[in-house]
Amino acid sequence: MNLITISWKSLQFNRLTFFLNVLLIAFGTGILTLLLLGSTQAGEKLKGNANGIDLVVGAKGSPLQLILSSIYFIDFPTGNISLDDAQDLARNPMVKRAVPLALGDNYAGFRIVGTDTSYINLYNLKLKQGRFWRKDFDVVIGSEVAKIKKLKVGDKFNGSHGLSSDEDVHEGNQNTITGILESSGNSTDNLVLTSIESIWNMHGIEKDHKQSGHQSKKEITSLLIQYRSRMSIVLFPMMVNKSTSMQAASPAKESARLFSLIGVGVQTAKWFALFVMLISAISIFVTLYNSLKDRMYDLALMRVMGASQLKIFMIIMLEGIILTGIGSVIGVFLGHVFLHIIGYFQDSPQARLSGFYFMPEELHLVAGGFFIGIMAAILPAIQAYRADISKTISIG
Amino acid sequence: MLTTKSLSHHYGNEKLSFPDLNIRKGEQWLLLGESGSGKTTLLHILTGIKKPFSGEVFIQETELYKLSGQELDQFRGQNIGVVFQQAHLIKSLTVKENLFLAQTFAGFKNNEDRIIEVLTELDIIQKINSYPASLSQGQLQRASIARAVLNKPFLLFADEPTSSLDNKNAKTVVDLLLKLSESSGGTLVVSTHDDRVKEAFSKEYIL
């Protein structure tokens with residue numbers, strides 16, 4: 001029989017109160033865990049995907065929408081831009097690298113992206129199996145696509161028109177998987193990559209162009225641009241926005257804007273969770289304080305049996321610490337579980353959040369739970385420490 | 001064995017002075033007095049849970065109130081057993097766990113054999129794994145006696161141990177206290193104003 005067992009047995013004696021207090025702490029810690037893991041993962045995904053991209057050029061519209069659709073493959077594109085205009089921009093001396101993207105189709109919700117080798121170089125993509133595309137309708141799929149759809153090299157599938165449904169299937173041309181990418185931990189894991197020509201051919205654009213014989217009608221969705229020098233940060237987007245029919249959007253700027261928009265909600269939820277933690281601290285304090293009145297005789301008897309004042313103090317402290325310790329560990333666990341459930345039901349696989357993501361900061365949450373336990377228990381523990389045994393025994 | 005010198009205590013303006021006690025090993029004494037005479041106060045002073053206003057308490061060669069707080073707690077746990085008027089066990093623990101507690105706080109290893117031995121002697125072995133809520137008043141009192149004698153203290157105090165019991169249970173409890181102190185060679189001091197107890201003791205201090 002040790003002090004922990006004594007405290008544990010005492011907590012177990014009032015199971016309903018024990019359960020409610022653990023639930024409160026778990027709820028608060030769970031929300032904080034969810035926010036910590038969710039916002040960190042979202043931030044990492046934003047940062048990881050935009051790495052090396054200084055600017056995105058696309059059709060006029062919402063700059064945030066352009067960024068979301070071209071880098072994170074979440075939102076719908078703002079429209080298309082002329083291939084000729086895009087090529088003119090790519091030849092600008094301020095541009096070090098320009099990566100064309102053509103969107104418009106999907107396979108089972110995974111976006112089919114027409115691009116060229118510069119996209120592979122931009123993200124330093126490596127093949128796990130097979131080879132990159134060589135001809136029209138050759139596709140390379142991301143690791144998550146292969147895993148989820150159980151696809152292998154040589155498999156064929158029909159893409160669907162649109163970005164998030166598989167209703168309008170392109171019956172004519174089948175895509176053939178020529179390679180599967182290694183996991184990169186970014187949105188490319190959830191993409192189907194092919195040549196831009198495949199996208200045009202799928203939509204009959206090549207044929208139209210050959211028949212008309214005029215200026216190219218070919219279009220792409222956007223252009224990912226890397227500057228030759230940091231000097232271009234101000235000049236180049238200004239030039240695009242003022243002198244062309246296209247718009248330029250900075251991933252850094254739009255990501256920051258997106259985070260400030262999301263941040264309000266995250267902050268509100270954070271304050272709510274902290275409020276719940278405060279309520280649980282008060283609840284534990286009231287529980288221990290009230291139970292002390294009933295247990296004063298018990299504690300006095302323990303003193304008569306030889307327990308020191310410090311041991312009595314520790315018994316009460318341990319009750320607070322055990323309550324919040326269990327609550328916060330359960331809370332962290334539930335935070336992971338709920339995040340995984342949220343990820344499971346997310347529409348866009350590109351931004352999918354995972355519960356199998358661990359951070360050292362979670363230990364801070366558990367430590368915070370212990371701290372709340374200590375703070376909630378300290379006054380009742382001091383009261384128990386100072387109790388007059390003789391008086392308590394005499395009152396009975 | 002147990003000696004006191006010039007013990008006194010006071011509650012506000014009311015001062016209580018106690019006779020000097022000189023109790024030898026193995027003796028069985030009664031502390032008699034009406035309600036308010038200070039029996040419980042004296043018992044609490046003798047058990048080391050209430051510091052007297054003045055005077056000294058010696059148990060064997062140890063002057064009780066010269067010990068530090070922690071030393072006094074340990075000394076009490078290892079050498080003194082107390083049965084209180086209110087038969088009380090800790091509700092969240094079984095009878096066995098309550099007795100384990102007495103061994104733990106006295107600084108002894110948990111010894112289940114000794115617990116079984118004492119509970120058998122007190123005829124409540126069948127309640128060893130029961131919670132206090134399921135025990136009758138008489139069983140509770142016997143369990144609290146078991147807790148007091150478990151560590152074989154050489155001083156056993158009982159404060160009004162029969163006041164809440166019927167005649168049959170009162171006699172059983174007194175007989176048990178006498179028997180247990182005799183068998184262990186320990187000293188027994190019972191504070192009471194219960195006439196049913198008087199005839200069982202030959203030595204008494206009257207307050």
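Predicted model only: the values in this text are computed from it and were never measured.

Looking only at helices and strands, chain A features 13 helices and 13 strands. Relative to the compact-globule value of 21 Å for 396 residues, chain A shows a C-alpha radius of gyration of 30 Å, a clear excess of over 25%. Overall size of chain A, expressed as C-alpha extent along the three principal axes, is 110 × 45 × 30 Å. Taking contacts inside chain A between residues at least 6 apart in sequence as the whole, the part at least 24 apart equals 78%. Taken as a whole, chain A presents about 18800 Å² of accessible surface, with 62% of it coming from carbon and sulfur. Across chain A, the mean location of the 36 positive side-chain charges is 7 Å away from that of the 30 negative side-chain charges.

Moving on: the nonpolar core. In terms of nonpolar packing, the biggest core is built from 111 residues, with Met-302 of chain A together with Leu-2, Val-57, Ile-59 and Phe-157 of chain B touching the most fellow members. Once you skip the residues sitting within four places of it in the chain, Met-302 of chain A turns out to touch Ile-6, Ala-307, Ile-312 and Ile-315 of chain A together with Ile-90, Leu-101 and Phe-105 of chain B. Formed by 33 residues, the second largest nonpolar core is a distinct cluster that contains Leu-55, Ala-98, Val-139 and Tyr-227 of chain A.

Another point: the pattern of salt bridges. If the charged atoms of two oppositely charged side chains come close together, the side chains can form a pair. All names here are of chain A. Applying the stated criterion across every chain, the model contains 19 salt bridges over all chains. Of the charged contacts in the structure, one is a salt bridge between Glu-144 and Lys-147, with a shortest N-O distance of 3.8 Å. Of the two residues, Glu-144 and Lys-147 both sit in helix α6 (residues 143–149), three residues apart, roughly one turn of that helix. For the salt bridge of Glu-254 with Arg-257, the shortest nitrogen-to-oxygen distance reads 3.1 Å. Remark: Arg-257 and Glu-254 occur in helix α10 (residues 251–304); sequence separation between them is three residues, near one turn of the helix. For Glu-254, a relative accessible area of 6% puts it in the buried group. Residues participating in the shared-partner salt-bridge network are Arg-131, Lys-135 and Asp-138.

Bringing the interface of chain A and chain B into the picture now. Contacts between chain A and chain B engage 25 residues on the former and 29 residues on the latter. The junction of chain A with chain B conceals about 2400 Å² of combined surface from both sides, 64% of it contributed by carbon and sulfur atoms. By the criterion of area lost to chain B, the three top residues of chain A are Met-1, Val-304 and Met-305 of chain A, representing 29% of everything that side buries. On inspection of chain A and its partner chain B, the count reaches two salt bridges. Arg-303 of chain A is the salt-bridge partner of Asp-73 of chain B, the closest N and O atoms lying 3.0 Å from each other.

Time to look at the sheet that holds strand β9 (residues 187–192) of chain B. Residues and elements named next belong to chain B. Strand order in the open sheet formed by five strands is β7-β8-β9-β4-β10, with parallel pairing between adjacent strands. Single-partner strands in this sheet number two, and they are β7 (80–83) and β10 (203–206). Strand-to-strand twist in this sheet, taken as the mean axis angle between neighbours without regard to direction, amounts to 20 degrees. Seen against the sheet, helix α1 (residues 39–46) touches β4 (28–32), β7, β8 (155–159) and β9 and runs at an angle of roughly 155 degrees to β8.

Looking now at the UniProt feature "domain: ABC transporter" (unreviewed entry) in chain B. Mapped onto this structure's residue numbering, the UniProt feature "domain: ABC transporter" (unreviewed entry) falls at residues 1–206 of chain B. When the span residues 1–206 of chain B is considered, its composition is 36% helix and 23% strand, and the gap between its end C-alpha atoms is 20 Å.

Here we take up the environment of Ala-143 of chain B. Residue and element names in this part refer to chain B. Its location among the elements puts Ala-143 in helix α5 (residues 137–149). The spatial distance from the C-alpha of Ala-143 to the C-alpha of Leu-176 is 12 Å, given a sequence separation of 33 residues. When near neighbours in sequence (up to four residues on either side) are disregarded, Ala-143 contacts Leu-89, Leu-99, Ile-124 and Leu-135.

Residues and elements named next belong to chain A. Here the UniProt-annotated "transmembrane region" (unreviewed entry) positions come out as residues 18–37, 271–292, 312–345 and 365–385. When the span residues 271–292 is considered, its composition is 100% helix and 0% strand, and the gap between its end C-alpha atoms is 31 Å. Helix makes up 100% of residues 312–345 and strand 0%. Its end C-alpha atoms lie 50 Å apart.

This part takes up the packing of aromatic side chains. All names here are of chain A. All chains considered together, the criterion is met by ten aromatic pairs over all chains. Taking the centre distance of 6.1 Å and the plane angle of 90 degrees together, the rings of Phe-132 and Trp-133 count as edge-to-face. For the ring pair Phe-313 and Tyr-385, a centre distance of 6.2 Å and an interplane angle of 85 degrees mean the geometry is edge-to-face. Pair noted here: Phe-313 is in helix α11 (residues 309–345) and Tyr-385 is in helix α12 (residues 361–386), with a separation of 72 residues, a long-range link. Owing to a relative accessible area of 32%, Tyr-385 belongs among the partly exposed residues under this scheme.

Turning our eyes to something else, we now look at the side chain of Thr-194 of chain A. All names here are of chain A. Following the sequence through the fold, Thr-194 ends up in strand β10 (residues 191–195). For Thr-194, a relative accessible area of 1% gives the class buried. Engagement of the side chain of Thr-194 in a polar contact is seen with the backbone oxygen of Asp-138, the distance being 2.8 Å. Sequence-distant contacts of Thr-194, that is, excluding residues within four places in its chain, are made with Ile-112, Val-113, Gly-114, Thr-115, Trp-133, Phe-137, Asp-138, Val-139 and Ile-199.

Our focus in this paragraph is the domain arrangement of chain A. Residues and elements named next belong to chain A. Domain annotation for chain A reports domain 1 (3–46 + 258–395) and domain 2 (55–249). Summarising the inter-unit geometry, the C-alpha centres of domain 1 and domain 2 are found 49 Å apart. Each partner contributes residues to the interface: domain 1 has eight residues there, and domain 2 has twelve residues. Along the contact surface separating domain 1 from domain 2 lie zero salt bridges. On the surface where domain 1 and domain 2 come into contact, there are zero residue pairs in polar contact (both at pLDDT 80 or more).

Our next topic: the packing of helix α3 (residues 63–72) of chain A against α10 of chain A. Residues and elements named next belong to chain A. For the pair α3 and α10, the least separation of the axes is 10 Å and the interaxial angle reads 105 degrees. Between α3 and α10, the angle falls in the class roughly perpendicular. Each of Pro-63, Leu-64, Ile-67, Leu-68, Ile-71 and Tyr-72 in α3 lies in contact with α10, whose residues at this interface are Pro-251, Glu-254, Ser-255, Arg-257 and Leu-258. Residues of the contact of α3 with α10, tallied by class, amount to eight nonpolar, one polar and two charged.

Below, the discussion takes up the pairing of β4 of chain B. All names here are of chain B. Among the five residues that make up β4, five are buried, leaving the element largely enclosed by the rest of the structure. In β4, alternate side chains face the same way, and those of Gln-28, Leu-30 and Leu-32 on one face and Trp-29 and Leu-31 on the other are all buried. As paired strands, β4 and β9 are joined by five bridges and run parallel to one another. When the sheet's bridge partners are listed, Trp-29 is paired in β9 with Val-189.

Rules used in this analysis
- Residues numbered from 1 in each chain as written.
- Chains lettered and ligands numbered in written order.
- Predicted model: local features only at pLDDT ≥ 70, side-chain atom pairs only at ≥ 80, totals over all residues.
- Heavy atoms only, no water.
- Helix = DSSP H or I, 4+ residues; strand = E, 2+ residues; numbered from the N terminus.
- Rg over C-alpha atoms; globule rule 2.2 N^0.38 Å.
- Contact = heavy atoms within 4.5 Å.
- Areas by Shrake-Rupley, 256 points an atom, 1.4 Å probe, with all protein chains shown as cover.
- Lys, Arg positive; Asp, Glu negative; His and termini not counted.
- Charge placed at Lys NZ, Arg CZ, Asp CG, Glu CD.
- Core = buried A, V, L, I, M, F, W, Y, C linked by side-chain atoms within 4.5 Å.
- Buried < 20%, exposed > 50% of the residue type's maximum accessible area, 1.4 Å probe, protein only.
- Salt bridge = Lys/Arg side-chain N within 4 Å of Asp/Glu carboxyl O.
- Buried area = accessible area lost by both parts, 1.4 Å probe.
- Pairing = 2+ DSSP bridges.
- Axes fitted to C-alpha atoms, helices over the stretch in contact; angles between N-to-C directions.
- UniProt positions renumbered as here; feature names shortened; annotations may be inferred.
- Phe/Tyr/Trp six-rings, centres within 6.5 Å; stacked < 30°, edge-to-face > 60°.
- Polar contact = N/O pair within 3.5 Å; in protein donor to acceptor, adjacent residues only side chain to side chain.
- Domains from an automatic or database assignment.
- Parallel < 35°, antiparallel > 145°, perpendicular 65-115°, else oblique.
- Nonpolar A, V, L, I, M, F, W, Y, C, P; charged D, E, K, R; others polar.

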